[in-house]
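Chain by chain, the residues:
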Amino acid sequence: MAVIGPLAKTGEISQSLNLWLAAFPIGFLFGYSLQRAGLTDSRKIAAVFYLKDVDVPVLMFTAIVVAALGLWGLSLLEVLDIGHVYFVPTYLAPMAVGGLIFGVGMVMGGYCPGTSFAALVIGKLDALVFALGFLAGTLLFGDLFPIWKGFYESESFGVLRLDQVLGIGLGPTLLLVVLVAVGGSIGLRRLQRYFWHNVDGTVPRGIRVLVGLAILIAAVLAFFPNRSFFAITETAGSMGGWDCGWEDPCESVMVDPLKAGRLAYDYQDRLRCFDLRDPSQYQGSHLQGAVLATPAELETMALDPSTLVILYGRQGDPQVRKAVGTLRQRGLRAFAVEGGFEALEPYYVDPLSSRLEATLSADQLSELEAYRAVCSPRQEPQEGAASR
Amino acid sequence: MKLSTSVCRPCWRPQLAGIGLGVAIVLAFYVAGRGVGATGGATQIIATLQNWILPHLTAGNSYLANYIASPTNPLGSFLVYLLGGMLAGSFFAALFSRHLRVEILRGPNIGVLPRLTIAFAGGVLVGYASRLARGCTSGQALVGGAELSVGAWVFMVCIFIGGFAAAWLVRKQWL
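Keep in mind that this is a model prediction, so the values were computed, not measured.

## Re the overall build of chain B
Each helix and strand in chain B was counted, giving 8 helices and 0 strands. Reading the secondary structure of chain B in the N-to-C direction produces α-α-α-α-α-α-α-α. Counting only C-alpha atoms and orienting by the principal axes, one finds that chain B spans roughly 50 × 40 × 35 Å. Classification of the 175 residues of chain B by burial places 64% in the buried group. Across chain B, every contact between residues at least 6 apart in sequence was considered, and the portion connecting residues at least 24 apart equals 54%.

## Thoughts on the domain arrangement of chain B
All names here are of chain B. Each domain of chain B was delimited in the assignment, giving domain 1 (11-102) and domain 2 (105-175). A separation of 18 Å is found between the C-alpha centroids of domain 1 and domain 2. Facing 8 residues of domain 1, the contacting portion of domain 2 comprises 8 residues. In terms of residue count, the dominant contributor to the side of domain 1 that touches domain 2 is helix 2 (residues 38-53) (3 residues).

## A few points about the sheet that holds strand 4 (residues 271-275) of chain A
All names here are of chain A. With parallel pairing, 5 strands are arranged side by side in an open sheet as 3-7-6-4-5. Only two strands of the sheet have a single partner each, and these edge strands are strand 3 (254-255) and strand 5 (291-292). Against the sheet, helix 15 (residues 318-329) contacts strand 6 (308-312) and strand 7 (333-337), and its axis sits at roughly 175° relative to strand 7.

## A word on the interface of chain A and chain B
The interface is formed by 129 residues belonging to chain A together with 129 residues belonging to chain B. Counted by class, the side of chain A that touches chain B contains 80 nonpolar, 31 polar and 18 charged residues.

## Section: the pairing of strand 6 of chain A
Residues and elements named next belong to chain A. With 4 of 5 residues buried, strand 6 is to be regarded as a mostly interior element. Relative to strand 6, strand 4 runs parallel, the two sharing 5 bridges. The partner of Asp275 across the bridge, within strand 6, is Tyr312. By the bridge criterion, 4 bridges tie strand 6 to strand 7 in an arrangement that is parallel. Residue Leu311 lies in a different strand from strand 7, and its bridge partner there is Ala336.

## Looking at the nonpolar core
Grouped together as the largest cluster of nonpolar side chains are 172 residues, with contacts concentrated most on A:Ala68, A:Leu311 and B:Ile25. With 16 residues, helix 3 (residues 55-76) of chain A is the single largest residue contributor to this core.

## Side note on the confidence of the model for chain B
Low-pLDDT portions of the prediction should not be read for the details of their coordinates. All names here are of chain B. Per-residue pLDDT for chain B averages 90, and the proportion of residues at 70 or more is 95%. Here helix 3 (residues 55-59) is the element of chain B with the lowest mean pLDDT, 81, and helix 7 (residues 150-167) is the one with the highest, 97. Both scores are available for the predicted complex, with the pTM at 0.81 and the ipTM at 0.95.

## A look at the domain arrangement of chain A
Per the domain assignment, the segments of chain A are domain 1 (21-233) and domain 2 (254-375). Each of domain 1 of chain A and domain 2 of chain A has a C-alpha centre, and the two are 39 Å apart.

## A word on helix 3 of chain A
Residues and elements named next belong to chain A. Along its 22 residues, helix 3 runs 31 Å from first to last C-alpha, staying within 8% of the 32 Å computed at 1.5 Å per residue. A large share of helix 3 lies buried, amounting to 20 of its 22 residues. Two residues or fewer after helix 3 comes Glu78, characterised by a positive phi angle close to 60°.

## As for the environment of A:Lys44
Residue and element names in this part refer to chain A. With respect to the element layout, Lys44 can be found in helix 2 (residues 42-47). We classify Lys44 as buried; it has 23 C-beta atoms within 10 Å. With 66 residues separating them along the chain, Lys44 and Gly110 place their C-alpha atoms 7.7 Å apart.

## Thoughts on unusual backbone geometry
Negative phi characterises most residues that are not glycine, and trans characterises most peptide bonds. Residues B:Arg9 and B:Pro10 are joined by a peptide bond in cis, for which omega reads -5°. Mapped onto the fold, B:Pro10 is located in the segment before helix 1 (14-32). In this structure, A:Glu78 takes a positive phi of about 60° despite not being glycine. Its place among the elements puts A:Glu78 in the loop between helix 3 and strand 1 (90-91). C-beta crowding within 10 Å serves as the criterion here: with 15 such atoms nearby, A:Glu78 is assigned to the partly exposed category.

## Looking at the packing of helix 6 (residues 125-143) of chain A against helix 2 of chain B
For the pair helix 6 of chain A and helix 2 of chain B, the least separation of the axes is 10 Å and the interaxial angle reads 70°. By the angle between their axes, helix 6 of chain A is roughly perpendicular relative to helix 2 of chain B. Between helix 6 of chain A and helix 2 of chain B, the residues in contact are A:Leu135, A:Thr138, A:Leu139 and A:Gly142 and B:Thr43, B:Ile46, B:Ala47 and B:Gln50, respectively. Considered class by class, the residues forming the contact of helix 6 of chain A with helix 2 of chain B number 4 nonpolar, 4 polar and no charged.

Calculation criteria
Per-chain numbering applies: the sequence of each chain, read as written, is numbered from 1 onward. Each chain takes a letter, starting from A, and each ligand takes a number, starting from 1, following the order in which they are written. Only residues with pLDDT of 70 or above have their local features reported here, since the model is predicted, and side-chain atom pairs are shown and tallied only from 80 upward, although totals for entire chains, interfaces and linings are computed over all residues. In DSSP terms, a helix is any run of H or I states spanning at least four residues, a strand is any run of E spanning at least two, and both are numbered starting from the N terminus. The exposure label follows from counting other C-beta atoms within 10 Å of a residue's C-beta, where the C-beta atoms are placed from the backbone and the thresholds are 20 or more for buried and 12 or fewer for exposed, leaving partly exposed in between. The contact criterion used is a C-beta to C-beta distance within 7 Å, with each C-beta placed from the backbone. Segmentation of the chain into domains, including their bounds, is taken from an automatic or database domain assignment. DSSP bridges decide pairing: two strands pair if at least two such bridges lie between them. With axes taken as lines fitted to C-alpha atoms, and helix axes fitted only over the stretch in contact, angles between N-to-C directions fall between 0 and 180 degrees. Residue classes follow a fixed rule: Ala, Val, Leu, Ile, Met, Phe, Trp, Tyr, Cys and Pro count as nonpolar, while Asp, Glu, Lys and Arg count as charged, and any other residue, Gly among them, counts as polar. Connectivity within a nonpolar core runs through C-beta atoms within 7 Å, and the core itself is a set of buried Ala, Val, Leu, Ile, Met, Phe, Trp, Tyr and Cys residues. Every residue gets a pLDDT, meaning the predictor's confidence in that residue, from 0 to 100. To estimate the expected span of a helix, subtract one from its residue number and multiply by 1.5 Å. Angle categories: roughly parallel below 35 degrees, roughly antiparallel above 145, roughly perpendicular from 65 to 115, and oblique for all the rest.

The structure is reproduced here in structure tokens:
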């Protein structure tokens, strides 16, 4: 039997091999294909939206079919452990609005991010300008994040798949996706021909054979469900959410005091809180149940993998964020409190002030009552670390 | 049908390039346990750059700080190396087929300055939207599409709605 993937997660290859022997060549294949198909030409991408050249959606449909049959097929063959594959979570409204804005930007610029980077390295100056705009747009979103934070985090459904929504099972959903891809490609090509008369209707034999093959594979998956279908639909997506850690932040490293309280409340007995400030500040005041520690101590501390770790420090201390990164790298679920101890104080240390009370909704207030014991001494004293 | 542009002559058929992209995604699943994505790596680089120039703005920011939380090297991640490979792949594809050329691609009826202005504005929208939607055409639409993610399919459909809706307004740029 073949070596079971994902290789980097099952320990078959090291992190640096994963970067140089996987990430780089995979990116190379990606960039090579994009350029050879002409996607480094803004005119070709923009032409999609006038139905003058529908190569781009045809290419996308093809890539999705190949990737979907590969992902689910390899999992069925038990060559790939799908429980270790990261699944993108669904945030419905932000993704819908993001898509609309993305589409407008794409027809204006003639690129999407990947194609613009691929085009600027081969000398296309309009792609360079587009990429500078991309940089500005990314910083606009990131630096003014508090403005759209609420919307960005709204309508979270976790990992939500089409087969769950449609309720028809994984195999039939895959067949449906293949048929939509084939039908969509043919339909778009017909529209191109109808409006612009710039293509003839012939389809080369090789492509027909490949399309037939894809439909056949999907049909086999749809009509001959294998027992492991049940197993993989259960485990698929269990890696979604937080596990991807710092490499691709799927769950924010920083949480606000209310979110910290909610997490702490949910985890209760599996919770560890650490105070990363100076001992003198800790003596002055700290969260009930929080343990004084330094980042170096945290690094070597034995923590159960099922623990939830909440860290706070002085406001704006970059060490706290780094400590979260280290813990997440060890596979722990860890968070830093945004704004540090100063932000936590009014919620969980001082008596609730009427000013703060006025800013909170009734729901938030009752939640807060439940959370007020955030790092409460349920598990204190913890072995050793506390006494200093 | 043999399409040709100034970046490839003749170009690969879209189905062939689609297979190339699809195989790259399956390889990424098999080796790294995750899909590909162009904007994830780009955002890490952008956050790192801003952190060098304006560390306080970046570290105090609850969004961008995520991208520099790596304890070792913020640029030593899968997506950054993938982006590097992508740039190299495109460069060598153009080099081998003799299509490296400095130029500004635009429709026949638009000047250089309006083209670049609209390109920049489009870039801002796409940059913003990629963050809002947690990915772009590669990481969200293609990878999420293969994972049968509902959000990814909604994203993809909305890209085309947005594009077709705005196409008329910028038609002079392309047609």
